[in-house]
Amino acid sequence: MKKLSLLILITFLTFSCSSSDDNEPEQNQTDPIVAKWQFGKVIYLYNDGTQNVVQPDACDLQSSYNFLADNTIQLTSYIPDNNGGCEFEIANFEYFTWTKIENGKYRIAVKNVGEPEEVNIENVTFENNQMIWKNPEGGFDGTNFYPVHNYFTKIN
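Note that this is a predicted model, so its numbers are computed, not measured. (Residues numbered from 1 in each chain as written. Predicted model: local features only at pLDDT ≥ 70, side-chain atom pairs only at ≥ 80, totals over all residues. Heavy atoms only, no water.)

A. Geometry of the overall build of the protein chain. Helix and strand counts for the protein chain stand at two helices and ten strands. In the protein chain, the order of α-helices and β-strands from amino to carboxyl end is α-β-β-α-β-β-β-β-β-β-β-β. Relative to its full complement of 156 residues, the protein chain shows a buried share of 23%. Of the roughly 10800 Å² that the protein chain leaves accessible, carbon and sulfur atoms contribute 50%. (Helix = DSSP H or I, 4+ residues; strand = E, 2+ residues; numbered from the N terminus. Buried < 20%, exposed > 50% of the residue type's maximum accessible area, 1.4 Å probe, protein only. Areas by Shrake-Rupley, 256 points an atom, 1.4 Å probe, with all protein chains shown as cover.)

So this is what it looks like as structure tokens:
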């Protein structure tokens, strides 16, 4: 009788502890960066404690980064034209990619045709429908480097 009870208990534990879809490995889940992001404000934080907030202009609001699950980035960029409007800016990339280094840290690599590769390591946080790139050495005022925070809004 004890052997049968033990066998029933082992069988019960085997079925009740089996994995489910809720326990899938993290790599099967979509990274939060995978989305289409609209340009937003940029905040420059100066060494004297002041800051400069630059709001997006009409052309910025038409521009976007589309981070795809295959680790590529599609850029849609609009720049001011001579008539007070915006015109589509043609990007000539050999590649534009993203790689997650660890939670909150991404490598962004872009290579324009005929130019050397540019790589940025971005410290990224996600809050509600916003993505914030916090670059501690993002700007240079001729004397000092200063932090820059770039904000993006999720549009899909």
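From this point, things continue past the structure.
B. Region of the structure containing the packing of aromatic side chains. Within this structure, the stated rule accounts for twelve aromatic pairs. Judged by centre distance (5.6 Å) and plane angle (70 degrees), the ring pair of Y78 and F88 falls under edge-to-face. In this pair, Y78 is assigned in strand β4 (residues 73-80) and F88 in strand β5 (residues 86-89), connecting sequence segments ten residues apart. Summarising the aromatic geometry, the rings of W133 and F152 are spaced 4.9 Å apart at their centres and angled 50 degrees between planes, so their arrangement reads as tilted. With W133 in strand β9 (residues 130-140) and F152 in strand β10 (residues 145-154), this residue pair connects regions lying 19 residues apart in the sequence. What makes F152 buried here is its relative accessible area of 5%. An aromatic cluster is defined as three or more aromatic residues linked by ring pairs; in this entry it consists of F39, Y65, F67, F93, F96, W133 and F152. The aromatic ring of Y151 is capped on one face by K41, whose charged end is 4.7 Å from the ring centroid. (Phe/Tyr/Trp six-rings, centres within 6.5 Å; stacked < 30°, edge-to-face > 60°. Lys NZ or Arg CZ within 6 Å of the ring centre and 35° of its normal.)

C. Just the state of the cysteines, in detail. Scanning the entire structure with this criterion turns up one disulfide. With its sulfur 2.1 Å from that of its partner, C59 forms a disulfide with C86. Taking the sign of the torsion about the S-S bond as the criterion, the disulfide between C59 and C86, at about -100 degrees, is left-handed. Of this pair, C59 sits in helix α2 (residues 58-62) while C86 sits in strand β5, and the two are 27 residues apart along the sequence. Looking at C59, the relative accessible area reads 4%, which means it is buried. (Disulfide = S-S within 2.5 Å.)

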